[in-house]
Amino acid sequence: ELPPSEFMQVADSTWLVLSVVSNGREPPGCQATGVTKIARSVIAPLAEHHVSVLMLSTYQTDFILVRERDLPVVIHTLAGEFDIYREESGECVPVTCDDVSNGFLKPKPAANPTLHPVQSPQTRFCVLTVAPDTLPAIATMLIDVLFYSHSPPREVGASSQDLDSITFFSFSLIEGYISIVMDAETQKRFPSNLLLTSSTGELWRMVRIGGQPLGFDECGIVAQIAEPLAAADISAYYISTFNFDHALVPEEGIAEVIQLLQQRQDSSR
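This section reports on the structure supplied with the text. Numbering of residues starts from 1 in every chain and runs along the sequence as written. With the structure being a predicted model, the display of local features is reserved for residues of pLDDT at least 70 and the display and counting of side-chain atom pairs for 80 or more, all residues being used for whole-chain, interface and lining totals. As a convention, hydrogens and water are excluded, and side-chain values are obtained from all of the structure's heavy atoms.

Helix axes are fitted to C-alpha atoms over the stretch in contact, other axes to C-alpha atoms as well, and angles between N-to-C directions run from 0 to 180 degrees. Runs of H or I in DSSP of at least four residues are treated as helices and runs of E of at least two as strands, each being numbered from the N terminus. Two elements in contact, helix H1 (residues 39-48) and helix H5 (residues 221-231), have axes whose closest approach is 10 Å; the angle formed by their N-to-C orientations is 145 degrees. Crossing of H1 over H5 shows left-handed handedness. Across the interface between the two elements, Ala39, Arg40, Ile43, Ala44 and Ala47 from H1 touch Val222, Ala223, Ala226, Glu227, Ala230 and Ala231 from H5. Amino acids outside the nonpolar list (Ala, Val, Leu, Ile, Met, Phe, Trp, Tyr, Cys, Pro) and the charged list (Asp, Glu, Lys, Arg) are all regarded as polar, and Gly is one of them. For the contact of H1 with H5, the per-class residue count stands at nine nonpolar, no polar and two charged. Crossing chirality is assigned from the near helix's rotation relative to the far helix, an anticlockwise turn below a right angle marking it left-handed and a clockwise turn marking it right-handed. We call two residues contacting when some pair of their heavy atoms lies within 4.5 Å.

Here it is in structure tokens:
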């Protein structure tokens, strides 16, 4: 419904959403959540098969977006680990490799992925949700923060490894469920009784990936962060964008995360 304009750039590809649902087969003691939970079973295998993904973590769950043309490769890659279903008219219908075998092309061996620079701003973030019936009470403030409160964008070439702060606000509305990521200072502008978070009320720090616009074509970007965190069993929310990718990790674990990612960078040289 959005009118064509010079202000909106639309990627050529159409993307499909994968939602990974646990069936109780998690290994004992597996406490990690977010992108870390699916790093070994989904993110890494798709990167190895040269499938580019976009990652969107929300307060409720995690979603992986893949190009529609890559669906045959995705199904062949994941069928051994998962039961795969497609949604048709609200019903879940099983999908088998045979359903897409005519379109399956054996992927070429993936080249070693580029390891992008990682930055960690000092900003502290909150991961929140809002009950849909209370949304009108914060709508005006939400619009102000979304569209009118941003500072000028940083130069793309800025490569400081330890930014003082970063402007970041994420709002998603998926099947009626609302998920918000905002910095702790912005949270103070909202009525505290309307913003819901975990019982611990933990704060998160960000790891931002990319020194220049990443685009949507490269594979292995999510895996660069997800695999080391999965090995250390560290939870992370992950949000892909055109310019940068963003991983949110518990504040108390940021030093360990930076060390892990730095070791990965050093070992690749």
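On to the nonpolar core. Residues belong to a common nonpolar core when they are buried Ala, Val, Leu, Ile, Met, Phe, Trp, Tyr or Cys residues joined through side-chain atoms within 4.5 Å. Each residue gets one of three labels from its accessible area relative to the maximum for its type: buried under 20%, exposed over 50%, partly exposed in between, using a 1.4 Å probe on protein chains only. Residues Ile43, Ile64, Ile225 and Tyr238 are the most contacted members of the largest nonpolar core, which totals 35 residues. For this core, the elements supplying multiple residues, two or more each, are H1, strand E2 (53-57), strand E3 (62-67), helix H2 (71-78), strand E10 (204-209), H5, strand E12 (245-250) and helix H6 (254-267). Ranked by residues supplied to this core, first place goes to H5 with seven residues. Ranked by size, the runner-up nonpolar core spans 15 residues in total, among them Val130, Ile180, Ala184 and Leu195.

Running from N to C, H5 and H6 point in directions that differ by 120 degrees, and their axes come no closer than 10 Å. With respect to their mutual orientation, H5 and H6 come out oblique. The two elements H5 and H6 meet at a crossing, and its hand is right-handed. Between H5, through Ala223, Gln224, Ile225, Glu227, Pro228 and Leu229, and H6, the contact on the second element is made entirely by Val257, Leu260, Leu261, Arg264 and Gln265. Oblique is the label for every angle not falling under 35 degrees (roughly parallel), over 145 degrees (roughly antiparallel), or within 65 to 115 degrees (roughly perpendicular).

Summarising burial for H1: eight of the 10 residues are buried, a large majority. By the burial criterion, the buried members of H1 are Ala39, Ser41, Val42, Ile43, Ala44, Pro45, Leu46 and Ala47. The inward-facing, buried residues of H1 contact E2, E3, H2 and H5. Looking one or two places after H1, you find His50, whose phi comes out positive at around 60 degrees.

All right, on to unusual backbone geometry then. For Glu175, which is not glycine, the phi torsion reads 50 degrees and is therefore positive. Unusually for a residue other than glycine, Asp233 sits at a positive phi of about 60 degrees. Looking at the element boundaries, Asp233 is found in the loop between H5 and strand E11 (237-240). Residue classification places Asp233 among the partly exposed positions, given a relative accessible area of 37%.

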